[in-house]
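# An overview of the molecular structure
Next come the chains, spelled out residue by residue.
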Amino acid sequence: MKFFAVFFLLIVTCLFKTTSSLPPGCIVCSPLLTTPTTWQDLSELIRVACRKLKEAEDDCNGIIDNANLTDSYPNMYPHIVNFRKILCKKYCGIHLKILRCLEPFEHFFLGLCSKKTALLIRRIRHNFDATVIDLDKRIITIKENGTRGDDLIMWTTYYHPKTIDLLTGVFWNQRIKLKYNRRTIRCRITLHPKRKIPILWCREKHLKSLPIAINSAICDVFNTSSEIRIMADMDQLSEFPEIDSIDYLLEYSGFVDQIEYQNFFNRINIRNCARLHSGRFLDSSSNIFSVNHLLSSDSEWLTREHLLNFKGQNALFQSATQIKNEDLIAFIENWLAGSNTKLQSLMVNGDVFRPDLSYDKDTILKNIEATPWNPDIAVIEHNRCNGLCIWSGYIKGKRQLTSDYID
């Protein structure tokens, strides 16, 4: 019995040895590999492995052909399972224990060494599933949804005015080489004296490519979401990465040329979400109004035309002091008439310090049939609101002639 247990483990090791990131023999510890429950299943698996043995294939098949374990295998099965558990616990877990003592950026560098080391790094449970590129701080953060995250790595160029003081650090002996968009980027490495994260230094010509190259490599090593999330100071658009599309954008600062600001949003394609904080005017025909989720914290520039041109799913406009009751009525009527089939919710907030600029529910709903709805349910399950929900300029739901609202 023990002979066939060992024979099975050796055959499985041979079968997967070219793709495993684990030490020899430890492929049997993979949760993706289950122990066959019948002799027929096991013999078929071993026959597949025998093909890998080339000149020994016939002898390997001969052992299987002359071994009839159909009746005895059920008694052997629990011992084989226990043998596997002992092997994995005693001999195949120490390398993972060592890796868990390392910092995430050390995992990243190890994962860049080869595909096998990257597979090994992925076996470690990390508490993040996404990355954020902060262009102002030149830092890539790893985070889990709903958390602030932790700094993983920093990048810059030699003699950049914002990081020149950090150049006094000692370079590591090894360089790092990244490939992105058919371009090879070679960087030197130092350690940030306070943040204790690595800094990648490269030439000026790679400035716009480096953050995306690093982010792509991080997502590949850790097998996380490849979505591109960027925080950007808009007065530094000259350093914005050379890409046409991103998934998330958080922009801030009002010190930016108006024309340059407009051209940026006409050039870049934001696939999922944009958060605007600079309060700069945007033309109503801008591509930004087709983003799925749009949030603007300073919307004094917002007009009726902007609302009518919104083609996304959800929007929040705060401090929209130019929007009046009649503008919201026009938006609702336009929506009910068939405009923007993607719309799920729209919230418009006026000036909270000016009661005369607040919205009047009775005026807005005068010609719209509406029924009360439960806000607690709607907050948790948005799809519960099947009509039009209005509260202080809040519009939400699917297109129907009947509407709901928060009383």
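Residues numbered from 1 in each chain as written. Predicted model: local features only at pLDDT ≥ 70, side-chain atom pairs only at ≥ 80, totals over all residues. Heavy atoms only, no water.

The protein chain goes by Sdz-33 F-box domain-containing protein in an unreviewed UniProt entry, where it is assigned to Caenorhabditis latens.

### A closer look at the nonpolar core
Across soluble globular proteins, nonpolar side chains show a tendency to be buried alongside one another. The condition is simple: Residues grouped as a nonpolar core are buried Ala, Val, Leu, Ile, Met, Phe, Trp, Tyr and Cys residues, joined through side-chain atoms within 4.5 Å. Only protein chains enter the accessibility calculation, which uses a 1.4 Å probe. A residue is then buried if its area is under 20% of the maximum for its type, exposed if over 50%, and partly exposed in between. Comment: elements are numbered from the N terminus, with helices defined as DSSP H or I runs of at least four residues and strands as E runs of at least two. Residue contacts follow a heavy-atom distance rule, with two residues in contact if any of their heavy atoms lie within 4.5 Å.
Judged by nonpolar contacts, the single largest core of 72 residues is most densely connected at Ile230, Phe240, Phe265, Ile288 and Phe317. Of all the elements, helix α8 (residues 210–222) adds the most residues to this core, at eight residues. Here phenylalanine 265 is in contact with Met234, Leu249, Glu251, Ile270, Leu276, Leu282, Ser286, Asn287 and Ile288, once residues within four sequence places are set aside. The next biggest cluster of nonpolar side chains, apart from the first, holds eleven residues, and it includes Ile46, Cys60, Leu69 and Met76.

### Re the packing of aromatic side chains
Selection criterion: A pair of aromatic rings is counted whenever rings of Phe, Tyr or Trp (Trp by its six-membered ring) have centres within 6.5 Å, and the orientation is called stacked for planes under 30 degrees apart, edge-to-face for over 60 and tilted otherwise.
Taken as a whole and assessed by the stated rule, the structure comprises twelve aromatic pairs. Their ring planes at 40 degrees and their centres at 5.7 Å tell us that phenylalanine 108 and phenylalanine 109 sit as a pair that is tilted. Comparing phenylalanine 108 with phenylalanine 109, the two get one shared label, buried. Measuring from centroid to centroid gives 5.1 Å for phenylalanine 128 and phenylalanine 222, while their planes differ by 80 degrees, and the two rings are edge-to-face. Of the two residues, phenylalanine 128 is situated in the loop between α7 (115–122) and β1 (130–134) and phenylalanine 222 in helix α8; the sequence distance between them amounts to 94 residues. Residue phenylalanine 222 is classed as buried on the basis of its relative accessible area, which comes to 9%.

### Section: the side chain of histidine 107
Mapped onto the elements of the fold, histidine 107 is located in helix α6 (residues 104–111). With a relative accessible area of 4%, histidine 107 lands in the buried category. Ignoring any residue separated from it by four or fewer positions in sequence, one finds histidine 107 in contact with Leu99, Arg100, Leu102, Ile121, Ile124, His126, Val221 and Phe222.

### Observations regarding the state of the cysteines
The cut-off we apply is this: The rule for a disulfide is simple: a pair of cysteine sulfur atoms within 2.5 Å.
This model, assessed by the stated rule, comprises one disulfide. A disulfide bridge connects cysteine 50 with cysteine 60, and the sulfur atoms are separated by 1.8 Å. Looking along the S-S bond of the cysteine 50-cysteine 60 disulfide, the torsion reads about -55 degrees, which is the left-handed sense. Here the residue cysteine 50 occupies a position in helix α2 (residues 39–50), and cysteine 60 occupies one in helix α3 (residues 57–65), the gap between them amounting to ten residues. The buried category is assigned to cysteine 50, whose relative accessible area is 0%.

### Remarks on a positive patch on the surface
Spelled out, the test is: Two distance rules govern patches: like charges are joined within 9 Å, and nonpolar side chains (Val, Leu, Ile, Met, Phe, Trp, Tyr) within 5 Å, applied only to residues with over 30% relative accessible area and no salt bridge. To be clear on the numbers: accessible area is Shrake-Rupley with a 1.4 Å probe, and residue cover counts the displayed protein chains and nothing else. Salt bridges are defined as contacts in which a side-chain nitrogen from Lys or Arg sits within 4 Å of a carboxyl oxygen from Asp or Glu. Think of it this way: Lys and Arg go in the positive column, Asp and Glu in the negative one, and His and the chain ends go nowhere. Where a charge sits is defined by one atom per residue type, namely NZ (Lys), CZ (Arg), CG (Asp) or CD (Glu).
The grouping of Arg175, Lys177, Lys179, Arg183, Arg186, Arg203 and Lys205 at the surface amounts to a positive patch. Taken together, the elements giving at least two residues each to the positive patch come down to β4 (176–180) and β5 (183–191). Relative to the assigned elements, arginine 183 resides in strand β5. By relative accessible area, arginine 183 is classed as partly exposed at 31%.

### Examining helix α11 (residues 325–336)
Selection criterion: What a helix should span is 1.5 Å times the count of its residues minus one.
Helix length check: α11 (twelve residues) gives 17 Å between terminal C-alpha atoms against 16 Å at 1.5 Å per residue, within 8%. Listed as buried for α11 are Asn325, Asp327, Leu328, Ala330, Phe331, Ile332 and Trp335. Glycine 338, located one to two residues past α11, shows a positive phi value of around 125 degrees.

### A short note on the pairing of β4
Let me state the cut-off plainly: What makes two strands pair is DSSP finding at least two bridges between them.
Of the pairings in the sheet, the one linking β4 to β5 comprises five bridges and is antiparallel in character. Across the sheet, the residue bridging to isoleucine 176 is cysteine 187, located in β5. Here β4 hands over to β5 after two residues, with asparagine 181 in that stretch at a positive phi of 55 degrees.

### What to know about α3
Quick note on the threshold: It is the directions from the helix axis to the C-beta atoms that the arc portrays.
Taken together, the buried positions of α3 are Cys60, Asn61 and Ile64. Along the long axis of α3, the arc covered by the buried residues comes to 95 degrees, so they all point the same way. Among the exposed residues of α3, those pointing more than 90 degrees away from its buried face are Asp58, Asp59 and Asp65.

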